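Working through the structure, step by step
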Amino acid sequence: FRPPPVEATEALKREYGLDSGKHIVFGGVVRPHKGIELILEALAQIGRSEYRLVIVGQKNSHVENLLRNERFRPYLVALGASPKEQMPAHLAMADAMVLPLSDNLLAQSQMPCKVFEAMAMAKPVIGSSVSDLPLVLKDCGLVVPPENPSALADAITKLFDDCRLAREYGQRAREKCIREYSGEATCANIMGIMEQVVSRITN
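Here is what the cut-offs are and how they apply
Residues numbered from 1 in each chain as written. Predicted model: local features only at pLDDT ≥ 70, side-chain atom pairs only at ≥ 80, totals over all residues. Heavy atoms only, no water. Helix = DSSP H or I, 4+ residues; strand = E, 2+ residues; numbered from the N terminus. Contact = heavy atoms within 4.5 Å. Areas by Shrake-Rupley, 256 points an atom, 1.4 Å probe, with all protein chains shown as cover. Lys, Arg positive; Asp, Glu negative; His and termini not counted. Charge placed at Lys NZ, Arg CZ, Asp CG, Glu CD. Salt bridge = Lys/Arg side-chain N within 4 Å of Asp/Glu carboxyl O. Buried < 20%, exposed > 50% of the residue type's maximum accessible area, 1.4 Å probe, protein only. Disulfide = S-S within 2.5 Å.

Helix and strand content of the protein chain: ten helices and six strands. Here the analysis covers contacts within the protein chain between residues at least 6 apart in sequence; of these, 68% occur between residues at least 24 apart. Entry remark: accessible area of the protein chain is about 10600 Å², with carbon and sulfur atoms responsible for 52%. Mean positive and mean negative side-chain charge positions of the protein chain (24 and 24 charges, respectively) differ by 1 Å.

Shown next, in the form of structure tokens:
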């Protein structure tokens with residue numbers, strides 16, 4: 001996951017008819033706990049049809065229900081499933097990534113890999129204050145209270161209305177991802193922890 005050439009991204013946007021407006025891209029299987037309704041509710045509160053959520057994933061019954069929702073329909077684009085190897089190209093179409101985890105035991109016990117994919121792609125990220133998202137997004141993203149569509153709407157508007165700020169957050173996110181969450185950085189961190197454990201055992 002790395003930023004592709006701008007020309008390739010613009011061509012893909014034109015192919016899907018997304019060459020205008022601002023987009024949040026969600027890649028994967030839509031399930032209730034992933035907060036898609038919260039994103040759509042925030043977009044509906046903003047009320048600007050050029051702001052849309054683009055789902056790259058299978059059109060399951062949950063997606064079909066969202067498409068039938070008159071309140072959400074103007075702000076939702078469902079592209080259908082795509083091969084995994086094409087996901088970076090699709091994520092590149094995003095103007096921001098949103099991870100609105102709900103504050104429940106399932107969300108509290110996980111760390112979505114999507115946040116690191118977005119950071120590696122130099123995308124500005126908005127996450128809810130659940131699990132370790134506030135720590136990961138510190139100084140490089142926006143954090144909002146969970147299950148608060150009004151706060152989420154404000155954060156989306158802040159990034160979409162300020163391209164300079166969005167680019168700055170995206171660049172900071174990529175730099176932090178490489179510095180702290182790359183394969184090399186993670187390996188070094190794990191080895192350091194293992195060395196401490198071995199040292200305590202042997203001493």
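Our focus in this paragraph is the pattern of salt bridges. Under the criterion given, the structure shown has seven salt bridges. A salt bridge links Asp161 to Arg48, with the shortest nitrogen-to-oxygen separation between them at 3.3 Å. With Asp161 in the loop between helix H8 (149-160) and helix H9 (163-181) and Arg48 in the loop between helix H2 (36-46) and strand E2 (51-56), the pair connects residues that are 113 residues apart, well separated along the chain. Look at Asp161 and you get partly exposed, because its relative accessible area is 48%. Residue Arg48 is classed as partly exposed on the basis of its relative accessible area, which comes to 31%. The closest approach of N and O atoms between Glu168 and Arg172, which form a salt bridge, is 2.3 Å. You can see Glu168 and its partner Arg172 sitting in helix H9, four residues apart, about one turn around the helix. Here the residues in one salt-bridge network are Arg48, Glu50 and Asp161, joined through shared partners.

Considering all chains together, one arrives at zero disulfides under this definition. No disulfide involves Cys163; its sulfur sits 19 Å from that of Cys140, the nearest cysteine. Note on Cys163: relative accessible area 37%, which makes it partly exposed. Cys177 provides the cysteine sulfur closest to Cys187, a residue in no disulfide bond, and the two sulfurs are 16 Å apart.

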